[in-house]
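# Structure at a glance
Next come the chains, spelled out residue by residue.
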Amino acid sequence: MSSAGSTVLSRGARAARPPRDRRTVRALRLWALLIAASFATGAILHALGVLTIDHLPPLHGHFRVPPLALLPAAAFGGAAVLFLPALAERLGFGRTLLVSYGCALAWTMLLAISADGPAAPLTHPQEYPAVLPVVGDDPLGWLASFTRRLPEYPTHVRGHPPLPVLVLWSLAALGLSGPLWAALLVIATGCSATVAIALTVRELGGERAARRALPYLALTPASVWIATSMDAFFAGVGAWGVALLVLGGRGGRGGRGGYGRIVRRACWGAGAGVSLGALPYLSYGLVPYLLIPVVVAVAARVPRETVLAALAGAAAVTAAFAAAGFLWPAGVLATHAEWAADPGAARPYLYFLFANLGVLALLTGPATAVGLARPGPGGTRAAVAAALVAVLALDVSGVTRGEVERIWVPYALWVGLAASLAPGRRWPAAQVVTGLLLQGLVISPW
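Our subject in this report is the structure included herewith. (Residues numbered from 1 in each chain as written. Predicted model: local features only at pLDDT ≥ 70, side-chain atom pairs only at ≥ 80, totals over all residues. Heavy atoms only, no water.)

### Here's the deal with the overall build of the protein
The secondary structure content of the protein amounts to 22 helices and two strands. Since a compact globule built from 446 residues should have a radius of gyration of about 22 Å, the 23 Å found for the protein is in line with a globular shape. With the C-alpha coordinates of the protein rotated into their principal frame, the extents come out at 90 × 70 × 40 Å. Evaluated residue by residue, the protein yields a buried proportion of 52% over its 446 residues. Long-range pairs, those at least 24 residues apart, make up 84% of the contacts in the protein between residues at least 6 apart in sequence. Accessible surface, the protein: about 18,900 Å² in total, of which carbon and sulfur atoms supply 68%. For the protein, the separation between the mean place of its 33 positive charges and that of its 17 negative charges on side chains is 19 Å. (Helix = DSSP H or I, 4+ residues; strand = E, 2+ residues; numbered from the N terminus. Rg over C-alpha atoms; globule rule 2.2 N^0.38 Å. Buried < 20%, exposed > 50% of the residue type's maximum accessible area, 1.4 Å probe, protein only. Contact = heavy atoms within 4.5 Å. Areas by Shrake-Rupley, 256 points an atom, 1.4 Å probe, with all protein chains shown as cover. Lys, Arg positive; Asp, Glu negative; His and termini not counted. Charge placed at Lys NZ, Arg CZ, Asp CG, Glu CD.)

### Some thoughts on the packing of helix H9 (residues 179–191) against helix H10 (residues 193–205)
Between H9 and H10, the least distance of the axes is 4 Å, while the angle of their chain directions is 20 degrees. Relative to H10, H9 is oriented roughly parallel. Packed against H9, whose contacting residues are Thr189, Gly190 and Cys191, the element H10 presents Ala193, Thr194 and Val195 at the interface. Per-class residue counts for the contact of H9 with H10 are three nonpolar, three polar and no charged. (Axes fitted to C-alpha atoms, helices over the stretch in contact; angles between N-to-C directions. Parallel < 35°, antiparallel > 145°, perpendicular 65-115°, else oblique. Nonpolar A, V, L, I, M, F, W, Y, C, P; charged D, E, K, R; others polar.)

### Here we look at a nonpolar patch on the surface
Taken together, the side chains of Leu82, Phe83, Leu87 and Val99 make up a nonpolar region of the molecular surface, amounting to roughly 370 Å² of accessible area. Top element by residues in the nonpolar patch is helix H3 (residues 71–90). It accounts for three residues. Secondary-structure assignment places leucine 82 in helix H3. We classify leucine 82 as exposed; its relative accessible area is 63%. (Patch = residues over 30% accessible without salt bridge, like charges linked within 9 Å, V, L, I, M, F, W, Y side chains within 5 Å. Salt bridge = Lys/Arg side-chain N within 4 Å of Asp/Glu carboxyl O.)

### Looking at the packing of aromatic side chains
Overall, the coordinates contain eleven aromatic pairs when judged by the stated rule. With a centroid separation of 5.6 Å and 65 degrees between ring planes, the pair formed by tyrosine 289 and tyrosine 411 is classed as edge-to-face. Separated by 122 residues along the polypeptide, tyrosine 289 in the loop between helix H14 (258–282) and helix H15 (291–300) and tyrosine 411 in helix H21 (residues 409–415) bring together distant segments of the chain. Judged by its relative accessible area of 1%, tyrosine 289 falls in the buried class. When the ring of tyrosine 351 is compared with that of phenylalanine 352, the centres are 4.8 Å apart and the planes differ by 70 degrees; the resulting orientation is edge-to-face. We note that tyrosine 351, like phenylalanine 352, is buried. (Phe/Tyr/Trp six-rings, centres within 6.5 Å; stacked < 30°, edge-to-face > 60°.)

### As for the nonpolar core
Formed by 119 residues in total, the largest nonpolar core has its most connected members in Trp142, Ile197, Leu219, Tyr289, Trp408 and Trp414. Examining the composition of this core, we find that 13 residues originate from one element, helix H13 (residues 230–252), more than from any other. Here tyrosine 289 is in contact with Ala235, Gly238, Ala239, Val242, Leu279, Ala390, Pro410, Tyr411 and Trp414, once residues within four sequence places are set aside. (Core = buried A, V, L, I, M, F, W, Y, C linked by side-chain atoms within 4.5 Å.)

### Considering helix H22 (residues 427–441)
Taking 1.5 Å as the rise per residue, H22 with 15 residues should run 21 Å; its terminal C-alpha atoms sit 21 Å apart, in good agreement. Buried residues dominate H22, accounting for eleven of its 15 residues. Turning to H22, its buried residues number three or more, namely Trp427, Pro428, Ala430, Gln431, Val432, Thr434, Gly435, Leu436, Leu438, Gln439 and Gly440. (Expected span 1.5 Å × (residues − 1).)

### A closer look at the pattern of salt bridges
Tallying each qualifying case throughout the model produces ten salt bridges. Measuring nitrogen to oxygen at the nearest pair gives 3.0 Å for the salt bridge that ties arginine 149 to glutamate 152. On the basis of relative accessibility, which here comes to 27%, the residue arginine 149 falls in the partly exposed class. We note a salt bridge from arginine 202 to glutamate 203, for which the minimum N-O separation is 3.8 Å.

### Regarding the environment of tyrosine 351
Mapped onto the elements of the fold, tyrosine 351 is located in helix H18 (residues 349–372). Here tyrosine 351 falls in the buried class, since its relative accessible area comes to 4%. Each C-alpha atom of the pair tyrosine 351 and alanine 227 lies 27 Å from the other, and the pair is 124 residues apart in sequence. At a separation of 2.7 Å, a polar atom in the side chain of tyrosine 351 contacts the main-chain carbonyl oxygen of serine 38. (Polar contact = N/O pair within 3.5 Å; in protein donor to acceptor, adjacent residues only side chain to side chain.)

### Some remarks on the side chain of glutamine 439
By secondary structure assignment, the location of glutamine 439 is in helix H22. Taking relative accessible area as the criterion, glutamine 439 reaches 7% and is therefore assigned buried. Separated by 2.8 Å, the side chain of glutamine 439 and the backbone oxygen of leucine 111 make a polar contact. When near neighbours in sequence (up to four residues on either side) are disregarded, glutamine 439 contacts Arg64, Leu70, Leu111, Ser114, Ala115 and Val224.

### Notes on the side chain of glutamate 403
The residue glutamate 403 is located in the loop between helix H19 (378–397) and helix H20 (404–407) in this model. Accessibility expressed as a relative area gives 15% for glutamate 403, which makes it buried. Of the polar contacts made by the side chain of glutamate 403, one reaches the side chain of arginine 406; its length is 3.0 Å. Those residues in contact with glutamate 403 that lie beyond four places of it in its chain are His60, Arg347 and Trp446.

### Considering H18
Relative to the 34 Å expected for 24 residues at 1.5 Å per residue, H18 spans just 26 Å between its end C-alpha atoms, considerably shorter than the ideal helical length. Most of H18 sits out of view: 18 of its 24 residues are buried.

### Considerations on unusual backbone geometry
Of note, the amide linkage connecting proline 57 to proline 58 takes the cis form, showing an omega dihedral of 15 degrees. You can see proline 58 is positioned in the loop between helix H2 (18–47) and strand S1 (62–63). For the bond running from alanine 227 to threonine 228, omega is 0 degrees, close enough to zero to count as cis. For threonine 228, the location among the structural elements is in the loop between helix H12 (223–226) and H13.

Structural data, given as structure tokens:
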């Protein structure tokens, strides 16, 4: 072939590639620029004394040299990148869910072990377990006085509704007391979001879409803060609430008799309603999260019986807390007063308005940035869009100024679904490398 012909073919090949390559390159550049700008501006503000409580802004942590203890996590991450995507394609769907959940657990635990262990964050005196002695043997009495006595409690308790403490109290009442059991509950529940979100994706975009999403859900960089922040527990509860809602429609199809179908749909819906109704009592910052199940229910065409049962389940949670003496609006006002007096409220709003999004970029990884620039199944896209809108609402409100590496974990898992839309097979490796860098370079209190 002549050199002129080769040149024409070469130019034609380059002309055929750019639309896809340019989107990927632009997405990665924007991802990297957002993160770099967040850290560069944060370093300047910290040096000027504007940011005093964050030593590695926009992250609430410190820089460190990666420890050798990170090697087992790196080895497992490499093996998972090689084998998990192939297993997700070949195994039966039920086995794929189990394998992916096991992978998520192992990856998260190995990351935690490379630091001080999974239980260490929950031993901090400002964490939820510190208030358990005050609860004692009278959780209802403690709940009724929660708002009035809020200024007496540790930082994390003052910043949240009472349900996280009651969850840990219930665990201790079952004989599983101590920070290790609490950490295991948090990690197991947080990692189970992998399964719950995959089940939701199957209803929205089909089994193939769910299989493709599973490796990204299991190996998300957000795993660094799934081990161990209580927000990971919130993520699991929320994800299962959404999953039960869409499964309510599926569980009713093909049944015999109208009455049995309605009962099944109502049971699924009630479970979803209790889970989703519990979210505002786990964290005030999870109210925007409720946009996700609303959008998903519309996209999945969840039956009316399931929706009504979900509303009843959520109402039952609210009624139970009110009957026990805790009124949610009063809790919001009391917590806002505590937040306004906390040093965190003095963090600069404009900086964290964009720096929080830089942290979200780290939580979700480069594959998510690439996936957001590409088309995908409408239902899955709707769920991602709902999570992004919810996050932006929190960001603009100014109530989440920093520490979103843990606070936004429930949202990051849904936004991270976009990673499965990234073309090619190299992106799980990019996600694992991002997680390893975060765990290796940052000392976080969670």
